[in-house]
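Architecture at a glance
The residues making up each chain are set out below.
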Amino acid sequence: MSHLKPEPKYQVEAEHHEEQLSIDCEKSVQEIQIEHVPEGTTGAGKALFMLLKAFIGTGVIFLPGSFKNGGLALSIALIIILAIICTIAFQLLVTVQAQIGGSYGDMAGTLYGRYARYTVLFFLIISQMGFVASYLMFVSQNINLVAEALSSCNPPFESKYWIWIACAIVIPITWVRKIARLSWCAIIADVFIAFGLICVLYYCGAQINTHGVGPDIIIVNQRDFGLMIGTAVFSFEGIGMVISVVEGMKDPKKFPKVLNIGMVIITSVMVLIGTIGYIAYGDEVEASVVSNLATEPLSVTVQLLYAIAMILSSPFMLWPPIKIIERGIFGTKRSGQLSLKWKFSKNFVRSLIPIVSAAVSFGVGADNLDKFVSLVGIVACMPLCFIFPGMFHLKVGKNIWLKIIDIILILWGLGIMGYTLYVNIESWLGPQSAAEHVCRSMY
């Protein structure tokens, strides 16, 4: 992507090589996945499409399971409330970017100094690696379902060991130095995800039509709704895309309207999938609704394609952590093009990053997928979605009423993060007994 940026009003001296990281390392996976669009050439329609592509992806398949934690009515209300708050936070972030320019990390460094930049980089790292750990759990679960369906309930090994097979596929892809060479991976993953979401809606509708409403639908779940909030915030994973879209627009002044329209569509899709999935399967809905699909050739195909999509998406998700960590260890002068020693050393570091994500995924296990997704949303995504935008705008804003909104947003982010983290930790300490897995063979 083009790195030309408007001249900021505030300047911070770059004393270290790490100050250059934002150019290459602070791009979210959504920025990397979309096709190159030179800055200042994107119209409002394409900007809207890019937003929808960033936000409507893998996270939404976890929403039906999260609706079980929140209850049907409360979950719908919370999704809408969170969407409104996220929209306000994104609008504030765009206002800051218009004043000082730069990426998410650039703004942190400009407004609060070098350590603020490092803090943003840290949350970008744990969010992206947390996404991949969640994906690997999902992959292991799906591939095991496919293996059971095709082997008459006699898969070659336990579900969790598929994590390492998926990791073995991801590792060599992370060695590719130019992410543009992997654009075909992103295209295939997007097509498979879109096909999967359509099939999920079809199967949920067919389930309701054939069997009626699922068992034990809860309207309000006062005990576990904190887990639902974390999963919902996890689903708003397109925060890093916002600034990129603004920089690419012909007329950035139109972006607030584009963002509002986009968030209405995104919220509608999230409510639709969460609601229809929960109504279809009720209390039996899995952490990933794809696991609930009836065992037949089409559903098995969907499960397999979704697993492939997650594997192909993982290198893109890991790209920001890879670049941040690699630059932090090797700097900018130790090039693999000049020395095989540095090339193999960098490949080793690049291999460790998906291995760490896989180890976390293996240790947590697919049975705890819903709680882990919620934890990633709470710890990694809430600061990026709520706290940092409020902090940035508080520094540059002049309007007293907007400053009050900034403070409320920061306090809200800290408060809801603390509460939901408490609920999440409690769920780990006192886990409910998991339902016994029932193998479903296709033969």
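Rules behind the numbers
- Residues numbered from 1 in each chain as written.
- Predicted model: local features only at pLDDT ≥ 70, side-chain atom pairs only at ≥ 80, totals over all residues.
- Heavy atoms only, no water.
- Helix = DSSP H or I, 4+ residues; strand = E, 2+ residues; numbered from the N terminus.
- Contact = heavy atoms within 4.5 Å.
- Areas by Shrake-Rupley, 256 points an atom, 1.4 Å probe, with all protein chains shown as cover.
- pLDDT = per-residue confidence, 0-100.
- Axes fitted to C-alpha atoms, helices over the stretch in contact; angles between N-to-C directions.
- Parallel < 35°, antiparallel > 145°, perpendicular 65-115°, else oblique.
- Left-handed = near helix turned anticlockwise from the far one by under 90°.
- Nonpolar A, V, L, I, M, F, W, Y, C, P; charged D, E, K, R; others polar.
- Core = buried A, V, L, I, M, F, W, Y, C linked by side-chain atoms within 4.5 Å.
- Buried < 20%, exposed > 50% of the residue type's maximum accessible area, 1.4 Å probe, protein only.
- Phe/Tyr/Trp six-rings, centres within 6.5 Å; stacked < 30°, edge-to-face > 60°.
- Lys NZ or Arg CZ within 6 Å of the ring centre and 35° of its normal.
- Patch = residues over 30% accessible without salt bridge, like charges linked within 9 Å, V, L, I, M, F, W, Y side chains within 5 Å.
- Salt bridge = Lys/Arg side-chain N within 4 Å of Asp/Glu carboxyl O.
- Lys, Arg positive; Asp, Glu negative; His and termini not counted.
- Charge placed at Lys NZ, Arg CZ, Asp CG, Glu CD.

Focus: the overall build of the chain
For the chain, the count of helices and strands is 16 helices and 0 strands. Taking as baseline every contact in the chain between residues at least 6 positions apart, the subset at least 24 positions apart corresponds to 85%. Taken as a whole, the chain presents about 18,900 Å² of accessible surface, with 65% of it coming from carbon and sulfur.

What to know about the confidence of the model for the chain
Interpreting fine coordinate detail is not advised for predicted regions of low pLDDT. Overall, the predicted model of the chain reaches an average pLDDT of 83, with 85% of residues at or above 70. Averaged over each element, pLDDT in the chain is lowest for helix 2 (residues 29-33) (42) and highest for helix 8 (residues 162-174) (94). Contacts for the low-pLDDT stretch residues 1-38, under 50 throughout, to residues beyond four places or in other chains number 90 contacts.

Focus: the packing of helix 7 (residues 114-150) against helix 15 (residues 369-396)
At a minimum axis separation of 10 Å, helix 7 and helix 15 run at an interaxial angle of 155 degrees. When the interaxial angle is binned, helix 7 and helix 15 end up roughly antiparallel. Pair helix 7 / helix 15 crosses with left-handed handedness. Class assignment of the residues belonging to the contact of helix 7 with helix 15 gives a composition of 19 nonpolar, 5 polar and no charged.

Structural notes on the nonpolar core
Within the largest apolar cluster, 128 residues are counted, with the highest numbers of intra-cluster contacts made by Phe236, Phe255, Tyr306, Phe386 and Phe392. Ranked by residue count, the leading element in this core is helix 7, at 17 residues. With near-sequence residues (within four places) excluded, Tyr306 lies in contact with Gly57, Ile61, Phe138, Asn142, Ile193, Gly196, Leu197 and Val290.

Points about the packing of aromatic side chains
Summed over the entire model, instances satisfying the criterion amount to 17 aromatic pairs. With a centroid separation of 6.5 Å and an interplanar angle of 85 degrees, the aromatic rings of Phe157 and Tyr161 are classed as edge-to-face. Among the aromatic residues, those joined into a ring-pair cluster are Tyr104, Tyr112, Phe122, Phe123, Phe388 and Phe392. Above the ring of Trp428, the side-chain terminus of Lys371 is found at 5.1 Å from the ring centroid.

Concerning the side chain of Ser299
Looking at where Ser299 falls in the secondary structure, it is placed in helix 13 (residues 297-330). Classification of Ser299 by relative accessible area gives buried; the value is 1%. Filtering out sequence-adjacent residues up to four positions away, Ser299 remains in contact with Tyr203, Leu293 and Ala294.

Observations regarding a nonpolar patch on the surface
On the surface, a nonpolar cluster with roughly 690 Å² of combined accessible area is contributed by Phe157, Tyr161, Trp164, Ile165, Ile169, Phe348, Leu352 and Ile355. Listed by contribution, the elements that provide at least two residues to the nonpolar patch are helix 8 and helix 14 (340-364). Topologically, Trp164 is positioned in helix 8.

So, the pattern of salt bridges
Taken as a whole, this structure holds 4 salt bridges when the rule is applied. Between Lys323 and Glu326 there is a salt bridge, and its shortest N-O distance comes to 3.8 Å. Of this pair, Lys323 and Glu326 both sit in helix 13, separated by 3 residues, roughly a single helical turn. With a relative accessible area of 13%, Lys323 lands in the buried category.

Focus: the environment of Ser345
On the secondary structure map, Ser345 appears in helix 14. Ser345 gets classed as partly exposed once you look at its relative accessible area, which sits at 24%. The sequence separation of Ser345 and Phe330 amounts to 15 residues, and the corresponding C-alpha distance is 9.2 Å.

Section: the packing of helix 5 (residues 72-100) against helix 12 (residues 255-281)
The contact between helix 5 and helix 12 brings their axes to 10 Å, and the two run at 160 degrees. On the basis of the axis angle, helix 5 is roughly antiparallel to helix 12. Helix 12 is crossed by helix 5, and the crossing has right-handed handedness. Counting all contacts with helix 5, which are made through Leu72, Ile76, Ile79, Ile80, Ala83, Cys86, Thr87, Phe90, Gln91 and Val94, the residues of helix 12 involved are Phe255, Pro256, Leu259, Asn260, Met263, Thr267, Met270, Val271, Thr275, Tyr278 and Ile279. Among the residues forming the contact of helix 5 with helix 12, the class breakdown is 16 nonpolar, 5 polar and no charged.

Notes on a negative patch on the surface
Together, Asp216, Asp283, Glu284 and Glu286 make up a region of like negative charge exposed at the surface. As for its placement among the helices and strands, Asp216 is situated in the loop between helix 9 (183-211) and helix 10 (225-235).

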